[in-house]
Amino acid sequence: MTDLTYSRLQAHLTRLRLHRALDRLDPIAEEAAKHNWTYLDFLDHLLEEEISARHERDVVMKTKLAHFPFQKTLDQFDFTFQPSISERQVRELATLRFVAQGENVLLLGPPGVGKTHLAIALGVAAIAQSISVYFLTISDRLDLLHKDAKEDRLTERLTTLCKPKLLILDEMGYFPLDRASAQFLFQLVSRRYQKGSIILTSNKSYGDWGDIFADQVLASAILDRLLHFSTTLNIRGQSYRLRDKRKAGVFHDLPEPQKEA
Ligand code: ADP
Ligand code: MG
């Protein structure tokens, strides 16, 4: 390759914004010479570098946009501690087929059993497949929702929340929802129905949803849409957060704070 060709190639790669390929051009060309790669092998390696760099950037960007409260993966989840969860079922969910099919996942159980951890881990797995994700803690949202309502921006907010392919709604049921918030949730669930998946976590079993909404009809309408195409994981068992304290004998087992679903 002449110097002229080399500098033209660099200019082309820059112009095409193939920055990683440009960075890796020399070492890959050296490897190609050393191992007698064909032209196709060389091109394949160079483009592979560019593609993986773009994927890494995409993951960083999508992770930022997802607003996870903390970062957790499935491999960090100790399934032996929570035998009520089927690892096989969770791994199947992590293939993200449910997102392709516009289905929902509901994670139910008392505090500390790993609902948020699993929801985030599924979100992280989704991002690895270039699926857009947004994480929302419902209790945090309520104040903002009232602010949006005052500023007449609810429709705008609704549209924004319909964009990500996977929406994680965390902590449903820790606080009761007033009528306006319940209606907003109903609209959100209706709009995403069969189009965009939702992972929802709750410490309340379905039977208690009427209490969250103070409106049985709205509660059943929301549940109806959420559950129509869905998988529910009922997590029973003890809080992982309290496990060390329990081990240290700080206190004995707490009674389960909710009825089983
Ligand atoms: P929940 O949302 O059900 O209240 P979290 O998912 O927030 O519970 O879990 C509380 C903490 O315990 C988190 O730091 C989480 O990573 C950890 N945790 C919970 N269950 C497990 C588990 N089975 N294996 C590893 N870590 C766990
Ligand atoms: Mg949680």
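Preceding this section is the structure that the text describes.
Just so we're clear, the structure is a prediction, and the values are computed from it rather than from any experiment.

Reading the values: the criteria
Counting restarts for each chain, with residues numbered from 1 along the sequence as it is written. Written order determines the labels here, with chains lettered from A and ligands numbered from 1. Per-residue local features of the predicted model are confined to residues with pLDDT of at least 70, and side-chain atom pairs are confined, for both listing and counting, to 80 or more; whole-chain, interface and lining totals are unaffected and use all residues. Neither water nor hydrogens contribute to the side-chain values; these are computed over all heavy atoms in the structure. Being near a molecule or strand, for a residue, means having at least one of its heavy atoms within 4 Å of it. Nitrogen and oxygen atoms within 3.5 Å of one another constitute a polar contact, given that in protein one can donate a hydrogen and the other can accept it, and given that sequence-neighbouring residues count only through two side-chain atoms. Computed with the Shrake-Rupley method and a 1.4 Å probe, the accessible areas treat only the protein chains shown as cover for residues. For this scheme, ten residues count as nonpolar: Ala, Val, Leu, Ile, Met, Phe, Trp, Tyr, Cys and Pro. Four count as charged, namely Asp, Glu, Lys and Arg, and the remainder, Gly too, count as polar. Fitted lines through C-alpha atoms serve as axes, helices being fitted only where they are in contact, and the angles separating the N-to-C directions of these axes extend from 0 to 180 degrees. Secondary structure elements follow DSSP: runs of H or I of four or more residues count as helices, runs of E of two or more count as strands, with numbering from the N terminus. Angles are sorted into four bins: roughly parallel if under 35 degrees, roughly antiparallel if over 145, roughly perpendicular if 65 to 115, and oblique for all others. A clockwise turn of the near helix away from the far one marks a right-handed crossing, whereas an anticlockwise turn of less than a right angle marks a left-handed crossing. Pairs of residues are marked as contacts when any of their non-hydrogen atoms sit within 4.5 Å. Residues belong to one nonpolar core when they are buried, are Ala, Val, Leu, Ile, Met, Phe, Trp, Tyr or Cys, and are joined through side-chain atoms within 4.5 Å. Throughout this description, buried means an accessible area under 20% of the type-specific maximum (1.4 Å probe, protein chains only), exposed means over 50%, and partly exposed covers the range between. Whenever a carboxyl oxygen of Asp or Glu lies within 4 Å of a side-chain nitrogen of Lys or Arg, that contact is scored as a salt bridge. To estimate the expected span of a helix, subtract one from its residue number and multiply by 1.5 Å.

### Let's talk about the site of ligand 1
Part 1: Near ligand 1 lie 14 residues; those nearest to it are Asp78, Gly112, Lys115, Thr116 and His117.
Part 2: Here an oxygen atom of ligand 1 sits 2.7 Å away from a polar atom, N or O, in the main chain of Gly112.
Part 3: At a separation of 2.6 Å, an oxygen atom of ligand 1 approaches a polar side-chain atom of His117.
Part 4: When the free accessible area of ligand 1 is taken as 560 Å², the share hidden by the protein chains comes to 89%.
Part 5: The class makeup of the residues in the shell around ligand 1 is 5 nonpolar, 5 polar and 4 charged.

### Focus on the packing of helix 8 (residues 154–162) against helix 9 (residues 179–192)
Part 1: It is the contact of helix 8 with helix 9, at a shortest axis distance of 10 Å, that shows an interaxial angle of 40°. Classified by the angle their axes make, helix 8 and helix 9 are oblique. At the point where helix 8 passes helix 9, the crossing takes the right-handed sense. Facing Leu154, Thr155, Arg157, Leu158, Thr159, Leu161 and Cys162 of helix 8, the residues of helix 9 in contact are Phe184, Gln187, Leu188, Arg191 and Arg192.
Part 2: In the contact of helix 8 with helix 9, the residues fall into 6 nonpolar, 3 polar and 3 charged.

### Digging into the nonpolar core
Part 1: Core analysis: the largest hydrophobic core is formed by 32 residues, its most contacted members being Phe68, Leu166 and Ile199.
Part 2: Those elements giving two or more residues to this core turn out to be helix 4 (87–93), helix 5 (97–100), strand 1 (104–108), helix 6 (115–128), strand 2 (133–137) and strand 3 (166–172).
Part 3: Top element by residues in this core is helix 6. It accounts for 9 residues.
Part 4: Formed by 26 residues, the second largest nonpolar core is a distinct cluster that contains Leu106, Met172, Phe184 and Ile222.

### Topic: the pattern of salt bridges
Part 1: Evaluated as defined, the whole model comprises 14 salt bridges.
Part 2: Asp58 is the partner of Lys62 in a salt bridge, and the nearest nitrogen-oxygen pair spans 2.8 Å. Residue Lys62 and its partner Asp58 are both found in helix 3 (residues 39–66); the two are separated by 4 residues, about one turn of the helix.
Part 3: Judged by relative accessible area, which is 17%, Lys62 ranks as buried.
Part 4: With a relative accessible area of 21%, Asp58 lands in the partly exposed category.
Part 5: Note that Glu151 and Arg153 form a salt bridge whose closest N and O atoms lie 3.6 Å from each other.
Part 6: On the accessibility criterion, Arg153 (31% relative accessible area) is partly exposed.

### A look at helix 3
Part 1: A rise of 1.5 Å per residue sets the reference length of helix 3, with its 28 residues, at 40 Å; its end C-alpha atoms lie 40 Å apart and thus fit the reference within 8%.
Part 2: At its buried positions, helix 3 is contacted by helix 2 (19–34), helix 6 and strand 2.
Part 3: At the C-terminal side of helix 3, His67 shows a positive phi close to 60°.

### Regarding the packing of helix 9 against helix 11 (residues 216–228)
Part 1: Remark: helix 9 packs on helix 11, axes separated minimally by 9 Å, with the N-to-C direction vectors making an angle of 25°. Judged by the inter-axis angle, helix 9 sits roughly parallel to helix 11. The element helix 9 and its partner helix 11 pack so that their crossing is left-handed. Touching Arg179, Ala182, Gln183, Leu185, Phe186, Val189 and Ser190 of helix 9 are Leu218, Ala221, Ile222, Arg225 and Leu226, all from helix 11.
Part 2: Partitioning the contact of helix 9 with helix 11 into residue classes produces 8 nonpolar, 2 polar and 2 charged.

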